[in-house]
Amino acid sequence: MDTPRYHRRSVRLQGYDYSQAGAYFVTVCAKDRVCLFGEVVDGEMVLNTAGNIVDECWRAIPVHFEHAALDTFVVMPDHVHGIIVIADVGARHAVPLQPPDHIERFGQPIPGSIPTIVRSFKSAATRRIHEMRDSPGATLWQHNYYEHVIRGEESLRRIERYIVENPGRWALDRENPDAEGNPKGDERMVDGEDEEV
């Protein structure tokens, strides 16, 4: 059990309680960034059947997690960008790092935390798409996902704009297989720092 795959680097902030009130920017990618969910036509995302399922499962998050609300989101050909808000009275962005009451560890999920919400979303979409395609056992999503704790209104507005404008930038996205020369284009956020967003 001492192989590199059992030592994956976590993208989450050490010591941060992902069940606390706040806004979280989440990106979930299809396995191998395969374009499974539709296509961008003239700067607008056109969902296929699988994309509609992903859209429906994302919209259903508040049905299954009553303390969670959705802000801006978009289903792209090979990924989903969205903002999940964990509710507290008037909460709109996450509070600064503080000693958590509890931290999620592998095999010990925290009910209502961002990892639990994302895991539930991925599982629901996978199950429904497998039923539609009659393809049980096929891997739909990358193992992990990206998240970013949103710490202020300015950051929130910038990320909302990034999400809304994402389909319009698809033609330049380095992950777009149809992009001419696959230029860098769609900059990603890395390690909790905003990059071109």
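The structure presented is a predicted model; accordingly, all values stated were derived computationally and were not measured.

### A closer look at the overall build of the protein
- From N to C terminus, the protein includes four helices and six strands.
- Across the 197 residues that make up the protein, the buried fraction comes to 45%.
- In the protein, 69% of the contacts between residues at least 6 apart in sequence involve partners at least 24 apart.
- With an accessible surface of roughly 10,800 Å², the protein has 51% of that area assigned to carbon and sulfur atoms.

### Focus on the environment of A138
- Inspection of the secondary structure assignment puts A138 in the loop between α3 (114-133) and β6 (146-150).
- Distance in space between the C-alpha atoms of A138 and T126 is 8.7 Å, their sequence separation being twelve residues.

### Focus on the sheet that holds strand β4 (residues 68-75)
- The sheet built from four strands is open, its strands ordered β4-β5-β1-β6 with antiparallel pairing. Looking along the sheet, the strands with just one partner apiece sit at the ends: β4 and β6. Pairs of neighbouring strands in the sheet enclose a mean axial angle of 20°, with direction left out of account.
- Relative to strand β5 (residues 79-86), strand β1 (residues 22-29) is paired through eight bridges, and the arrangement is antiparallel. Opposite C29, over in β5, you have H79 as the bridge partner.

### Observations concerning the confidence of the model for the protein
- The pLDDT averaged across the protein works out to 79; a share of 71% of its residues lies at or above 70.
- Put simply, β6 is where the protein has its lowest mean pLDDT, 92, and helix α1 (residues 49-59) is where it has its highest, 98.
- Note on residues 1-13: pLDDT is under 50 here. Beyond four places in sequence and across chains, it has 20 contacts.
- Across residues 183-197 the pLDDT falls below 50, and counting only partners more than four positions away or on other chains, this stretch makes 46 contacts in the model.

### Points about unusual backbone geometry
- One non-glycine residue with positive phi stands out, namely D32, at about 60°.
- When you line up the elements, D32 lands in the loop between β1 and β2 (38-41).

### Description of the environment of A68
- Examined against the element boundaries, A68 turns out to sit in strand β4.
- For the pair A68 and S19, spaced 49 residues apart in the sequence, the C-alpha separation amounts to 10.0 Å.
- Setting aside residues no more than four positions away along its own chain, A68 makes contact with I61, P62, I84, V85 and I117.

### Structural notes on α1
- The complete set of buried residues in α1 reads A50, G51, I53, V54, D55, C57 and W58.
- Buried residues belonging to α1 abut β1, β3 (44-47), α2 (61-64), β4, β5 and α3.
- The N-cap residue of α1 is N48: its side-chain oxygen and the backbone nitrogen of A50 are 3.1 Å apart.

Cut-off values and rules
- Residues numbered from 1 in each chain as written.
- Predicted model: local features only at pLDDT ≥ 70, side-chain atom pairs only at ≥ 80, totals over all residues.
- Heavy atoms only, no water.
- Helix = DSSP H or I, 4+ residues; strand = E, 2+ residues; numbered from the N terminus.
- Buried < 20%, exposed > 50% of the residue type's maximum accessible area, 1.4 Å probe, protein only.
- Contact = heavy atoms within 4.5 Å.
- Areas by Shrake-Rupley, 256 points an atom, 1.4 Å probe, with all protein chains shown as cover.
- Pairing = 2+ DSSP bridges.
- Axes fitted to C-alpha atoms, helices over the stretch in contact; angles between N-to-C directions.
- pLDDT = per-residue confidence, 0-100.
- Polar contact = N/O pair within 3.5 Å; in protein donor to acceptor, adjacent residues only side chain to side chain.

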